[in-house]
Amino acid sequence: TQLLEQSPQFLSIQEGENLTVYCNSSSVFSSLQWYRQEPGEGPVLLVTVVTGGEVKKLKRLTFQFGDARKDSSLHITAAQPGDTGLYLCAGPRSYNTDKLIFGTGTRLQVFP
Amino acid sequence: EPEVTQTPSHQVTQMGQEVILRCVPISNHLYFYWYRQILGQKVEFLVSFYNNEISEKSEIFDDQFSVERPDGSNFTLKIRSTKLEDSAMYFCASSGAADPNTGELFFGEGSRLTVL
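Note that the structure is a prediction, hence the values are computed from the model and not measured.

**Quick notes on the nonpolar core**
Core analysis: the biggest nonpolar cluster contains 23 residues, and W34(B), L46(B), F61(B), V67(B), F75(B), L77(B) and Y90(B) have the highest contact counts within it. The set of elements that each furnish at least two residues to this core consists of β3 (19-24), β4 (31-37), β5 (43-50), β7 (65-68), β8 (75-79), β9 (88-95) and β11 (111-115) of chain B. Among residues more than four places away in sequence, those in contact with F61(B) are L46(B), V47(B), I54(B), S66(B), V67(B) and L77(B). Counting residues in each nonpolar core, the second largest holds 21 residues, with I13(A), F63(A), Y87(A) and L108(A) among its members.

**A word on the environment of K56(A)**
All names here are of chain A. Relative to the helices and strands, K56 resides in strand β6 (residues 55-58). When the C-alpha positions of K56 and L74 are compared, they lie 9.6 Å apart, and in sequence the two are 18 residues distant. A polar atom in the side chain of K56 sits 2.8 Å from the backbone oxygen of T48.

**Regarding the pairing of strand β6 (residues 53-57) of chain B**
Residues and elements named next belong to chain B. Two strands pair when backbone bridges link them, and β5 and β6 are joined in this way by four bridges, in the antiparallel orientation. Paired with Y50 across the two strands is E53, which belongs to β6. Counted between consecutive antiparallel strands, the loop separating β5 from β6 contains two residues, among which N51 sits at a positive phi close to 55°.

**Things to note about unusual backbone geometry**
Cis geometry is found at the peptide bond from S7(A) to P8(A), where omega equals -10°. Relative to the assigned elements, P8(A) resides in the loop between β1 (5-7) and β2 (10-14). Omega for the bond connecting T7(B) with P8(B) falls within 30 degrees of zero, at -10°, which places this linkage in the cis form. Structurally, P8(B) can be placed in the loop between β1 (5-7) and β2 (10-13). A positive phi angle is found at R69(A), which is not glycine, with a value near 60°. Residue placement: R69(A) occurs in the loop between β7 (61-65) and β8 (71-76). Assessed through its relative accessible area of 26%, R69(A) is described here as partly exposed. At N52(B), a residue that is not glycine, the phi angle is positive and equals roughly 65°. Among the structural elements, N52(B) can be located in the loop between β5 and β6.

**Here we look at the interface of chain B and chain A**
Facing the 19 residues of chain B at the interface are 25 residues of chain A. In total, chain B and chain A occlude about 1800 Å² of area from one another, counting both sides; carbon and sulfur atoms represent 53% of this. Counting across the chain B and chain A interface gives zero salt bridges. At the junction of chain B with chain A, the criterion picks out three residue pairs in polar contact (both at pLDDT 80 or more). Of all the secondary structure elements, the ones that give two or more residues to the side of chain B that touches chain A are β4, β5, β6 and β10 (105-107) of chain B. Considering only residue class, the side of chain B that touches chain A consists of nine nonpolar, six polar and four charged.

Calculation criteria
Residues numbered from 1 in each chain as written. Chains lettered and ligands numbered in written order. Predicted model: local features only at pLDDT ≥ 70, side-chain atom pairs only at ≥ 80, totals over all residues. Heavy atoms only, no water. Core = buried A, V, L, I, M, F, W, Y, C linked by side-chain atoms within 4.5 Å. Buried < 20%, exposed > 50% of the residue type's maximum accessible area, 1.4 Å probe, protein only. Helix = DSSP H or I, 4+ residues; strand = E, 2+ residues; numbered from the N terminus. Contact = heavy atoms within 4.5 Å. Polar contact = N/O pair within 3.5 Å; in protein donor to acceptor, adjacent residues only side chain to side chain. Pairing = 2+ DSSP bridges. Buried area = accessible area lost by both parts, 1.4 Å probe. Salt bridge = Lys/Arg side-chain N within 4 Å of Asp/Glu carboxyl O. Nonpolar A, V, L, I, M, F, W, Y, C, P; charged D, E, K, R; others polar.

Below is the structure:
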């Protein structure tokens, strides 16, 4: 069974701190996506990384795809209370499937 | 901004009853999906739908589940005889592209199903 394990599961930090969330698998993914989900809402796509080693930046968020395409990380600089939410990584197993496998999630709480 | 809308937002039903969850995908999208999230667990793929037929389904999507696009706008998930373990948040999603490596998936806000 293919799994995407995220760490840490929970993270509580103060506003202004930096943090990194990890998404790891023993399997290769053709791409990985990062979503943020707020309570009572559906996941919202933040970014898709496709090429091994790729780095993408979205304001204070930096996403990296591992060289072997088995892992990804999300780094947030100077976290703000508005960053609070559940962060999910997800990916399709191959190029010929539209089934997304979701990670276990990291719940982030940023205190003012 | 276009969005995926789902109804009802919450449904409570008795075990064994039929339930229909409704979704209105983004109007120019062609690929439709249902995912579910049991409380405290991962988001799980149920089914994908394109060109009026199922393109892929998971092992969860057994004979009790069916999907339909009865008109040009609605996309429904039917559970024929609900079980306690069907209690979950059900998310509809749509995409303008078949390739999840490049296309963006838009999720609705979910329908919470509680089976008693």
